[in-house]
Amino acid sequence: MDELLLLLGIIFNLNLPLLAGWLLDRCIGDPVSLPHPVVGFGKLIAWGEHRLNTGEHRVLKGAALSVALVVGVYLLTDFVLYQAARFSPGLLLVVQVILIFYCLAGTTLIREVRDVFRAVDRSLEEGRKQVARIVGRDTSTLSAQEVRTAALETLAENLSDGVIAPLFWYLILGVPGMVAYKMVNTLDSMIGYRNERYRHFGRFAARLDDVANFLPARLTAFLMVLASGRLSLLAFVGKYGWQHASPNSGYPEAALAGILDCRFGGPHVYFGEEVWKPYIGTNDRPLTTEDMRTAVRINRGAEWFMLLSIILITSVVGYWLAASVV
């Protein structure tokens, strides 16, 4: 009985901030009325890029900015948590919950993808405008099928970036690691492009994002397949995941394409330039609202599996450490 109580206490104490932060995201998503740390990250990146992305040694300057911001936000988060813990355990809990909540983006993304499907069902122009909120490509000439495809590709890719990867880095480095990952991801989304302006300055940021997402992207694909209950699809993921232009995005996209038996990829336009992405899958069938519902269910299932895995791992490790002390 004492061992059971010890285990339950460890589960509760170690995972309460995570569960509370995740529940907040699940219930309300990102409220537009509240300030978001990622907006602050973006302003810092823009400020640094404006001053450093000139003249010679742009690769080195971009790398220096990226390292300074990622390490800086990690140390700042760690300092804030330390000071909160000194003040009171209750304040520490509140700060942790808020930061975890802000680092997760599962509910907001699902809400946006649902809105895309509703909009394109009303009119193609509405669909194009709505999907432009969540993709970086030019959407002005997309067909209805391409609008739906773009939304589902983004849903799969951002399950990794917006949910699984932050949770992965939470497991490895705690809340400071989770926040630092969001800085890495924001750097890549702002300066990690291969166009004339960012090709050199954003090179390090793009590679850093690739490294930070290498394991989470593959873990995301596995969890998606697990949520589908069709482990045979791992062969499909293995066949198509590595063919994507990105070393990571192809894996969750391949998982969803295999689950839906559809085709992703093809020509995309970024900043006026056409970029061909290898096709993932071969069945170029029309996508429907039912496909979106299936994709949302898979996302939620993968989220659940990741959350339960973290609770299990932290509880076992915490129990082992507590038992060894006793």
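Quick notes on the rules
- Residues numbered from 1 in each chain as written.
- Predicted model: local features only at pLDDT ≥ 70, side-chain atom pairs only at ≥ 80, totals over all residues.
- Heavy atoms only, no water.
- Axes fitted to C-alpha atoms, helices over the stretch in contact; angles between N-to-C directions.
- Helix = DSSP H or I, 4+ residues; strand = E, 2+ residues; numbered from the N terminus.
- Left-handed = near helix turned anticlockwise from the far one by under 90°.
- Contact = heavy atoms within 4.5 Å.
- Nonpolar A, V, L, I, M, F, W, Y, C, P; charged D, E, K, R; others polar.
- 1 Å grid on protein atoms, 1.4 Å probe; cavity = no way out; pocket = protein on both sides within 12 Å on 5 of 7 lines; lining within 4 Å.
- Points joined across faces, edges and corners; volume = space filled by probe spheres on them.
- Core = buried A, V, L, I, M, F, W, Y, C linked by side-chain atoms within 4.5 Å.
- Buried < 20%, exposed > 50% of the residue type's maximum accessible area, 1.4 Å probe, protein only.

1. Quick word on the packing of helix H4 (residues 89–103) against helix H7 (residues 144–191)
Moving on, step 1. Here H4 crosses H7 at 145°, and the two axes come no closer than 10 Å. For H4 against H7, the interelement crossing comes out right-handed. Where H4 approaches H7, its residues Gln96, Leu99, Ile100 and Cys103 are matched on the opposing element by Gly162, Pro166, Tyr170, Val175, Met178, Val179 and Lys182.
Moving on, step 2. Split by residue class, the contact of H4 with H7 holds eight nonpolar, two polar and one charged.

2. Section: the layout of surface pockets
Moving on, step 1. The computed volume of the second largest pocket comes to approximately 290 Å³.
Moving on, step 2. Around the second largest pocket, the lining is made up of 18 residues, and of these Phe41, Val73, Leu76, Thr77 and Val179 lie nearest the centre.
Moving on, step 3. Elements with a contribution of two residues or more to the lining of the second largest pocket: helix H2 (37–52), helix H3 (58–87), H4 and H7.
Moving on, step 4. The element that contributes the greatest number of residues to the lining of the second largest pocket is H3, accounting for six residues.
Moving on, step 5. A per-class count over the lining of the second largest pocket returns 14 nonpolar, three polar and one charged.

3. Here's the deal with the nonpolar core
As a rule of thumb, nonpolar side chains are buried together in soluble globular proteins.
Moving on, step 1. With 78 residues, the main nonpolar core has Val113, Val131, Leu152 and Met224 as its most contacted residues.
Moving on, step 2. Looking at which element gives the most residues to this core, the answer is H7, with 22 residues.
Moving on, step 3. In contact with valine 113, not counting residues within four places along its chain, are Ile134, Ala151, Leu152, Leu155 and Met292.

4. A few points about the environment of phenylalanine 101
Moving on, step 1. Looking at the secondary structure, you find phenylalanine 101 in helix H4.
Moving on, step 2. Linking phenylalanine 101 and aspartate 30, residues 71 residues apart in sequence, is a C-alpha distance of 8.5 Å.
Moving on, step 3. Those residues in contact with phenylalanine 101 that sit more than four places away from it in its chain are Gly21, Leu24, Asp25, Ile28, Gly29 and Pro31.

Scope: geometric values only; no functional claims are made or implied.
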